[in-house]
Amino acid sequence: MDIFYKTAPRPARLLLLIFSLASSIVGAMMAAAPLFFLGLWVSAVIIYKSIRDPKSWIALQQDGRNREDVNRFNRFVDALAAGGVIDAETLEEDIEIEEDAPLVYTVRLHQFGKTGDQLQKACAASLNAIGAVDVEVKQTAPSEYIAVFSPEFPHQILSDTPCAYDDLVDDDITIQRLPVGVFLDGSPVEINLESRNMLLNENPRSGKSVLLSCLVADLARINACHYRKGGKKPIERVIVMSPKILDFQTFEGCGIRLVQDIEEMTAALNEVHAEAEARKAWCVAHNKKKVSPEDYEAVGGHITVVIDEYTVIKTSTIEDEKGKTVKIGDLIEQKIMRLVAETGFAAISFVLATQRVSSTNMSTNLRDLIAGARCSFATETIESTKMILGDYASEASCHDITTDQKGVGYISLDGVRPRPFKGAYASEADERAAADLMRGE
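Each value, and the rule that gives it
Residues numbered from 1 in each chain as written. Predicted model: local features only at pLDDT ≥ 70, side-chain atom pairs only at ≥ 80, totals over all residues. Heavy atoms only, no water. Core = buried A, V, L, I, M, F, W, Y, C linked by side-chain atoms within 4.5 Å. Buried < 20%, exposed > 50% of the residue type's maximum accessible area, 1.4 Å probe, protein only. Helix = DSSP H or I, 4+ residues; strand = E, 2+ residues; numbered from the N terminus. Contact = heavy atoms within 4.5 Å. Pairing = 2+ DSSP bridges. Axes fitted to C-alpha atoms, helices over the stretch in contact; angles between N-to-C directions. Phe/Tyr/Trp six-rings, centres within 6.5 Å; stacked < 30°, edge-to-face > 60°.

Asker: It is not clear to me how the nonpolar core should be interpreted in this structure. Could you clarify?
Answerer: For soluble globular proteins, the rule of thumb is that nonpolar side chains tend to be buried together. By size, the foremost hydrophobic cluster in this structure holds 93 residues, and its most contacted members are F251, I256, I336 and F350. With 10 residues, the top contributor of residues to this core is helix 8 (residues 208–228). The contact partners of I336, leaving out residues within four places of it in the chain, are L269, I307, Y310, F350, L352 and L366. In terms of nonpolar packing, the next biggest core, distinct from the first, is built from 23 residues, I86, Y105, V107 and Y145 among them.

Pasting the structure below:
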């Protein structure tokens, strides 16, 4: 069975540091200035990177990570042996094992009598040894399986996972497929807003703005993708409402409507309601129960209303002509609740994003109407997580996510159990590129 184990690598960076220091000393003794300064420079770089950037490939800590990668792989081999998937008669060509990502393994079984059921049982029995709380085994081809372990604390793994927006997007962005991040196994997180809505929560500076940036950039790309496929008219319209509208200023002038004034928000919601009524008449005239994606050109496009900083909006007040205080935030919530409840047929979707959500700053009636995607980044208490994820909160330890693990959260898509994920980072250049596509440039 030893043929299946990996060998721990030698501590290459430590050896390089020792060699560099030795070279510097030799250079000093021999009065060889180039050798002295080269050895001193390499040593200084290794020490500096190890202190200031421990994740750098040249940092001394990387030696430890390489050893842990090997040890983790070998623990998986041990689990397969304990479960009978590998035995004394198993040859090297009988099984292929690849680690696609930390705790994600592809296994190809070629030995007669070895089955996916055996692999499932072996993986389930190895959770403690692997350091995981759950495992999912999927068959991806004849005799090929992927085992995805859920670690007890996946947050740091995800935090260390690079996730750039540019690596996720392609020319096939649609309202049913909006990539915003990656799951623990490396697969993309894709939001579907066709006849669906989204609810998003976080502690300040935990990742909400990053995800919204990706989402709006996706929405801005939809029309360009549609035109490449032969489309003639735009199929997506976007309205962004936020007291912090500067977060979306890159999209100014590209066709996305940006609304900051609280009274203008009320007017915009009234316009959305009028549009929904017009689409109701269109459905009646065309004997349709709902506006489907193939109808988007005919009705003027799907409409996505992104509402950021919902708590701030909900608690807003204004003064009327008589100087009396009007709780305009409550009026806005009532309008949103009515629209969410009544416009599912009309190709109108709402994305509500807030901080530290609770029943005092968001109606539970409105929350319960949000069907589609529910996402929570770091929270302070499990009660805040429960406000978003409901009974699934016990399976989503958002309150254990630390402030330096930005972009890490849990997401539930279409009512399934939440999964940990990492939100993609969209740079200003990514936002500008998306905005230019929406302008047709």
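Back to the write-up after that little detour.
Asker: Would you explain the sheet that holds strand 2 (residues 104–109) in this entry?
Answerer: Sheets are built from strands paired through backbone hydrogen bonds, the pairs being either parallel or antiparallel. Overall, antiparallel pairing links the 4 strands, which are arranged 1-2-4-3 in an open sheet. The open sheet is flanked by strand 1 (95–101) and strand 3 (132–141), the only strands paired with a single partner. Put simply, the sheet's adjacent strands are angled 20° from each other on average, direction ignored. Here helix 4 (residues 116–124) sits on the sheet and contacts strand 2, strand 3 and strand 4 (144–151); the angle it forms with strand 3, its principal contact strand, is near 165°.

Asker: I keep staring at unusual backbone geometry and nothing clicks. Help me out?
Answerer: Leave glycine aside and you will find that most residues have negative phi; peptide bonds, for their part, are mostly trans. Within the chain, S195 stands out as a residue other than glycine whose phi angle is a positive 60°. If you check the backbone angles, R356 has positive phi at about 50° while not being a glycine. Within the secondary structure, R356 is located in the loop between strand 13 (348–355) and helix 13 (364–369). By relative accessible area, R356 is classed as partly exposed at 45%.

Asker: Just to check I follow, could you spell out the packing of aromatic side chains for this structure?
Answerer: Between two aromatic rings, the relevant description is the distance of the centres plus the angle of the planes. Overall, the coordinates contain 4 aromatic pairs when judged by the stated rule. Centre to centre, the rings of F76 and F149 are 6.0 Å apart; their planes meet at 85°, and the pair counts as edge-to-face. Linking F76 in helix 3 (residues 61–82) with F149 in strand 4, this pair joins segments that are 73 residues apart in sequence. Classification of F76 by relative accessible area gives buried; the value is 0%. Taken together, a centroid distance of 5.6 Å and an interplanar angle of 45° make the contact between F377 and F421 tilted. Linking F377 in the loop between strand 14 (372–376) and helix 14 (382–389) with F421 in strand 16 (residues 419–423), this pair joins segments that are 44 residues apart in sequence. Taking relative accessible area as the criterion, F377 reaches 0% and is therefore assigned buried. Ring pairs connect the aromatic residues F76, Y105 and F149, which therefore count as one cluster.

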